[in-house]
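One-letter residues, chain by chain:
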Amino acid sequence: MSELAIPPVPRWAAELKNPPVFKPKADKIPDPPGYPSSQAPSSSKVHKVAQRKAPTPEEMDTLKLKKAWEVALGPIKGLPMTGIMMYMSGNSLQIFSIMMVFMAFKNPIMGILATNQAFERFETDSNRGKILQVKVAYVVMQLVALALGVWKINGMGLLPTTRSDWLAWEAQREPLEHAVTAL
Amino acid sequence: MLLPPHLSTFLLLALPSAVRAVFQDEVGHIDYHYELLGVPQRETTFFHRPRRDEKASLLYTLSDVGVLGAVHPSSGAVLWRHLLNGTLTDGGGFLRAGEGENWVAGALGKSVHAWDAVSGRNKFWVDFSGEVRDLEIMEMTENGGRKDVLALFDEEDGSSTVLRRLSGDDGSVVWEFKETTKDIPLQVSTNVEKVFVISLHGNAAAYNLKVTVLDTLSGKRLDELVIGTKGDVHSKEDVMFVGANSAAPIVAWTDNSLQKLRVNVLGLKTRQEFSLPAGAVSVEIHAPHLVQSLPHFLVHIKTASGNSADVYHVDLKTGGITKAYDLPVQRGTGAFSTSSDNANVYFTRITNEEIVLLSSTSNAAIGCWPLKEGELRSAAIYGVSEVVKKTGSGESFAVRSAVVTDTDDWVLVRKNGEIAWSRPEGMTGAVAAAFAEIPENEDLVKTLEQEAHSNILAAYIHRVNRHINDLKYLPAYLNSIPSRLTSSILGTEVSFKDGKLARDSFGFHKLVILATRRGMFYGLDVGNKGKVLWSNRAFDIAKGDKWNVTGIHIDESAGETTVLGSNKDHVVFKTETGKIVDAKAPEAQVSTRSAALVNTLSGQVLLAVGLDGEISSPPADWTPGQTVVTRGLGGELKGVTFVAADGAKLSPLVTWTFPVPQGQKTVSIATRPAHDSVASIGRVLGDRSVKYKYLNPNALVLAAVDDAALTLTVYLLDTVTGQILYSSKYEGVDAGKPIECAMSENWFMCSFFGQYGVRDDPDQIVKGYQIAVSDMYESDQPNERGPLDDSDSYSPLDPLDVPGAGGASTLPSVVSQTYVLGAPISALQVTQTRQGISARQLLAYLPDMHGIVGLPRMLLEPRRPVGRDVTPAEMEEGLIKYHPVIEIDPKSVLSHERDVLGVEKIITSPAVVESTSLLFAYGVDVFGTRVAPSFLFDILGKGFNKVTLIGTVLALSAGVFALGPMVRRKQIDTRWNAPM
């Protein structure tokens, strides 16, 4: 009864838990192409590529500068798209346009605040002066993006630029003399 | 606009409800209406059966304000009514009904008319020259059942007397009797075979009575009798009574000292004398009007302390008059009325204690019913009665009397001494009304004053003590919370807190003080459906006279109201109770033209202005700090200021005069209301620029017409300097039609009847009611404030043209537009709200439609673009394309289906909530409602279902409480009983 009660674990189950160690097959059946074992000999080739001549620090600086310029010009690349979306979303106060305006302000400001972090990895002692130029360009680009947001809220009429926006603070002119009628 | 079809349909359906002035569930909740007739006159009020074969009778009256109407005697509801002349009249007129006829005949002024007795539809209306003096129904005519109308006229120039017999069917003249004479026509009377015209003959020193006897068929003169009066009769009022259609009509008068009563049976030359009891103050005669009734009459003698009556019988054969019996003297004035049932004549005597029914044949009372204690608040003056003899065993009578009391109420007293209904007819003919806040608790004001005057420590102890004292009200307050909660949920209102009036947080509970021309004043609770809280008589105004109120001033802090009259009279009473504090009766001479509420060193006071517009030097602490604008005898406007003449004494000085140009006469003057809050000083245009409003609290609009040139000129004046700021002229204006102006904020409007050209066809001229609206701005250009720019203050006395500002002037830039109205309007008024944020509405009475309309100011916008579509910027501003005709939209009629008759004036007052303005209209009817020109944006409407809301909240919380533990248990179970 006890043998019946606890049946032996089937092999597939046991192997699922403890996969058997890979053993190269004794027979010469080739592995299918792409099978890891078949690529094993080419590892030396990869190693050969990795063992390319290391770039000089000048080259590294140029590369980093190039990369930094890409980052700096990043904000302006999205602008045409953002502009079209802003134009399409209209000037009415809706959740979509409000979110968009919020993002249009949040991103540039956060970007400007995080200028140093953005270029930290490209900065070296040698290219500091050039990176500064890039940083300035980056800030200018962020300001351009910000200007787009300002243009948007102006379009939405949220900027107090007109006389009517200050009307509530204007006082009524009071006459110094008063009259009452008895007619 | 490409809306989905179902959405646009929905919008279309939603539109009417959005613009509806009154919601159905608000009717009777926010508005109230007293359907009034006016105080019924003694001679023109009677019970009459409108259908011959039915017993039910109606009560008909032609009141002292010229309203002819029928009232249901059992309920007091008005069946139908007509304001005969279109405006309120000063009494007079005649009303008669033929026995068994289904129509009543009336006469007022120069017209005679007949009305269907049940429906009130007009049967005929005929106008003649001259003025009607008397009206009678010819009960028996030659052509079968038709009853004709006899109308006695006095020609306009007093040169002749005309009696016309008009057909009862269509009002056509059957015959006319004309006599060219200087005699004063008095009355007409008829018995079965003759018509008698009674007139005063001779001169004013001593008139004799002239009786002209006419033939009923042809109107030919049969006889003429002159009855000497021995100098007793000096005017037509001295002849007390001319018996109507009784079998033996009589004419009666007294001597000057009220000692003798002289009676003449018409058609006879003799007159009989009867002595009156000593001390008689006035004598009245009551007699039946039916031909078949016994020729008995009752003489009602009033003395200073009581009243008595004598009953006389006329012998038909000999014309002799004998005294049948007399009635004992009773206290008070008492009221008698006559009713007849075929030959029987009954007299009803109504005193403060009982109703006594007498037959004309014996002095034994047929019935006597004591009045219930305190039922009749005030003494009955006169009345009419209906006596019905009940068929069945024994002699049983039912009597009901409609009496006018000395507080101008019309009361129906039933046989069992109960009051069936009481109509406050005295509220008609109101001459002035004002809104008053419900006075705050006076004790609190006093204690606060007391605290302010003591030292800090004492005041603190006093206050702590007061608060501890106030704790005794805490249980009552806690007790009241459930009832307040339920009333708030169910929408019922609690207006009285421990029987006292209290303000409410919305400001809907206010009082209206109403003063009438009869010398009565009323206090109405606006928040409680216009309930009459109190009424009181200020003065006894003689019949024909009017209490001419020039000003009402409500002193909030003292809780007192002062009403100033034109005859040096005034009355001061408590606003809350109407109790008179101080009163001075009117003098005979009219001495005050108007009154101005001026600010003085001792607060606001009412300053009386003389007839010629002069102000006598008031006491030093009553000297106003403002210029007072008055009107002179010639209609000119004057500005009076007070200047120091010698030392400290200030004396009035006329600083400017505005004489209306030659040929013109002033028809309407409007100023901005005393409470006219302006929320924004400019108007924001579509491009976000600002057009600044010209807000001059001293501006006044004066409309003057030229009868000859048919022009209306509207002047805008500055009342400090008297300078004309602007004027405009409208041509082809009918000066005979009412012209009215209204002003508010930076705009004014005048409504008139005039002609205008049609744009498509310049030759075509159309006449119609128009309204000219003008906006005043500080400058033509937006974003400009004129030469004064943003200075905080200015003096109107400075020159209008500012030197050095390039010819710029401080005159307003006016934009005007004229609209054609679908109906005439009158009693113009503008809504007032607390802060002026809500849009304004022009409120007006529609005399033809008997309703009060609220025209949105947006509709009457002068800047609406003409002849082109609106630009998007203008659309943003809320402008709509100009359309010349403004039809009166029934949905904008605030009085909806109510028939509001004869409104003379509308007053408005702001509530505490910004959205709402309180409206009160008076004239004949009294009507009040709340207006929300920008809809109710700050309070929940009555349609808001608080029960559902609270039910939902309760159900949800119950669900949460019930499901919470279950869910929690389930979550724990899932964690612990995880399947292995």
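If you're wondering where the values come from, they're calculated on a predicted model, not measured in any experiment.

Draft legend 1. Summary view of the overall build of chain B. Each helix and strand counted, chain B has six helices and 66 strands in total. Seen along its three principal axes, the alpha-carbon backbone of chain B occupies a region of about 120 × 90 × 75 Å. Counting only residues that meet the buried cut, chain B has 51% of its 980 residues in that class. Taken as a whole, chain B presents about 44,900 Å² of accessible surface, with 54% of it coming from carbon and sulfur. Averaged over its 93 positive side-chain charges, chain B has a centre that lies 5 Å from the centre of its 114 negative ones.

Draft legend 2. Quick look at the interface of chain B and chain A. Listed by partner, the interface residues are 42 residues for chain B and 18 residues for chain A. Taken together, the two surfaces of chain B and chain A that pack against each other cover about 2,700 Å², and 57% of this comes from carbon and sulfur. Here chain B and chain A share two salt bridges between them. Ionic pairing is found between B:Glu778 and A:Arg173, a salt bridge with its closest N-O pair at 3.0 Å. Summed over the shared surface of chain B and chain A, the result is 17 residue pairs in polar contact (both at pLDDT 80 or more). Contributions of two or more residues to the side of chain B that touches chain A are made by strand E44 (592-600), strand E46 (627-631), strand E49 (664-671), strand E50 (682-684), strand E51 (690-692) and strand E58 (793-794) of chain B. For the side of chain B that touches chain A, a count of residues per class yields 22 nonpolar, 13 polar and seven charged. Across two bridges, the pairing between strand E1 (residues 174-175) of chain A and E58(B) is parallel. Following the sheet pairing, A:Glu174 is matched in E58(B) by B:Ser793.

Draft legend 3. Focus on the UniProt feature "transmembrane region" (unreviewed entry) in chain A. Residue and element names in this part refer to chain A. Summarizing the sequence annotation, UniProt attributes the feature "transmembrane region" (unreviewed entry) to residues 95-115 and 136-153 in the numbering used throughout. A distance of 30 Å separates the end C-alpha atoms of residues 95-115, which is 95% helix and 0% strand. Note that residues 136-153 is 100% helix and 0% strand, and that its end C-alpha atoms are spaced 25 Å apart.

Draft legend 4. Structural context of the domain arrangement of chain B. The domain boundaries assigned to chain B delineate domain 1 (1-30 + 823-943), domain 2 (286-414), domain 3 (662-790 + 810-821) and domain 4 (945-980). The distance between the C-alpha centroids of domain 3 of chain B and domain 4 of chain B comes to 67 Å.

Draft legend 5. Up close: the nonpolar core. Residue and element names in this part refer to chain B. Counting 23 residues, the largest nonpolar core has Val 701, Leu 712, Leu 716, Met 743 and Phe 748 as the members making the most contacts within it. At four residues, the largest contribution of residues to this core is made by strand E52 (residues 699-706). Beyond its immediate stretch of four places on either side in the chain, Phe 748 contacts Val 701, Val 714, Leu 716, Tyr 726, Ala 742, Met 743, Ala 772, Val 773, Ser 774 and Met 776. The next biggest cluster of nonpolar side chains, apart from the first, holds 22 residues, and it includes Tyr 34, Phe 435, Phe 508 and Val 926.

Draft legend 6. Examining the sheet that holds strand E60 (residues 826-830) of chain B more closely. All names here are of chain B. As summarised here, the arrangement of the three strands in space is E60-E61-E62, forming an open sheet in which the pairing is antiparallel. Only two strands of the sheet have a single neighbouring strand rather than two, namely E60 and strand E62 (851-856). If you compare each strand with its neighbour and ignore which way they point, the axes differ by 20° on average. Where E60 and strand E61 (residues 841-846) come together, three bridges link them in antiparallel fashion. Its bridge partner lying in E61, Val 830 is registered against Leu 842.

Draft legend 7. Region of interest: the packing of aromatic side chains. By the definition in use, this model includes 23 aromatic pairs over all chains. Ring centres 4.7 Å apart and planes at 65° place the aromatic pair B:Phe753 and B:Tyr769 in the edge-to-face group. With B:Phe753 in strand E56 (residues 747-757) and B:Tyr769 in strand E57 (residues 765-777), this residue pair connects regions lying 16 residues apart in the sequence. Taking relative accessible area as the criterion, B:Phe753 reaches 16% and is therefore assigned buried. Given the relative accessible area of 22%, B:Tyr769 is considered partly exposed. Seen in terms of ring centroids, B:Phe920 and B:Tyr922 are 6.2 Å apart; in terms of plane orientation they differ by 35°. Their pairing is tilted. With respect to burial, B:Phe920 and B:Tyr922 carry one shared label: buried. Each member of the aromatic cluster is reached from another via a ring pair, and the members are A:Phe119, A:Phe122 and A:Tyr138. Above the plane of the ring of B:Phe153 lies B:Arg164, whose end atom (NZ or CZ) is 5.2 Å from the centre. Cation over ring: B:Arg930 sits above B:Phe508, and NZ or CZ is 3.8 Å from the ring centre.

Draft legend 8. Seen up close, the UniProt feature "transmembrane region" (unreviewed entry) in chain B. Residues given the UniProt feature "transmembrane region" (unreviewed entry) here are residues 947-967 of chain B. End C-alpha to end C-alpha, residues 947-967 of chain B measures 29 Å, and it is 100% helix and 0% strand.

Reading guide: rules and limits
Throughout this description, residue numbers start from 1 for each chain and increase along the sequence as written. To label them, take the chains in the order written and letter them from A, then take the ligands in the order written and number them from 1. For a predicted model such as this one, the threshold for reporting local features is a pLDDT of at least 70, and the threshold for listing and counting side-chain atom pairs is 80 or more; totals across whole chains, interfaces and linings nevertheless cover every residue. To obtain the side-chain values, all non-hydrogen atoms of the structure were included, while hydrogens and water were left out. The helix count covers DSSP runs of H or I at least four residues long, the strand count covers runs of E at least two residues long, and both are numbered beginning at the N terminus. Three exposure classes are used, based on accessible area relative to the maximum for each residue type with a 1.4 Å probe and protein chains only: buried under 20%, partly exposed in between, and exposed over 50%. Areas reported here follow the Shrake-Rupley algorithm with a probe of radius 1.4 Å; residue values treat only the protein chains shown as occluding. Think of it this way: Lys and Arg go in the positive column, Asp and Glu in the negative one, and His and the chain ends go nowhere. Where a charge lies is defined by one atom per residue type, namely NZ (Lys), CZ (Arg), CG (Asp) and CD (Glu). The contact definition used throughout considers only heavy atoms, calling two residues in contact when any of these lie within 4.5 Å. Buried area: the sum, over both parts, of the accessible surface (1.4 Å probe) that disappears when the two are put together. Every case where a carboxyl oxygen of Asp or Glu lies within 4 Å of a side-chain nitrogen of Lys or Arg is listed as a salt bridge. Distance and chemistry together define a polar contact, namely a pair of N or O atoms within 3.5 Å, with one atom able to donate a hydrogen and the other to accept it when in protein, and with adjacent residues in sequence counting only for side-chain atoms on both sides. The residue classification treats Ala, Val, Leu, Ile, Met, Phe, Trp, Tyr, Cys and Pro as nonpolar and Asp, Glu, Lys and Arg as charged. All others, Gly included, are polar. The criterion for strand pairing is that DSSP finds at least two bridges linking the strands in question. UniProt positions are given in the numbering used here, feature names are shortened, and annotations may be inferred rather than shown by experiment. Note that domain bounds follow an automatic or database assignment of domains. As used in this record, nonpolar core signifies buried Ala, Val, Leu, Ile, Met, Phe, Trp, Tyr and Cys residues forming a set joined through side-chain atoms within 4.5 Å. Lines are fitted to the C-alpha atoms to define the axes, a helix being fitted only along its stretch in contact, and any angle between axes, read from their N-to-C directions, falls within 0 to 180 degrees. Aromatic rings from Phe, Tyr and Trp, taking only the six-membered ring of Trp, are treated as a pair when their centres fall within 6.5 Å; an angle between ring planes under 30 degrees marks them as stacked, one over 60 as edge-to-face, and anything in between as tilted. In our convention, an over-ring charge means Lys NZ or Arg CZ found within 6 Å of a ring centre and within 35 degrees of that ring's normal.

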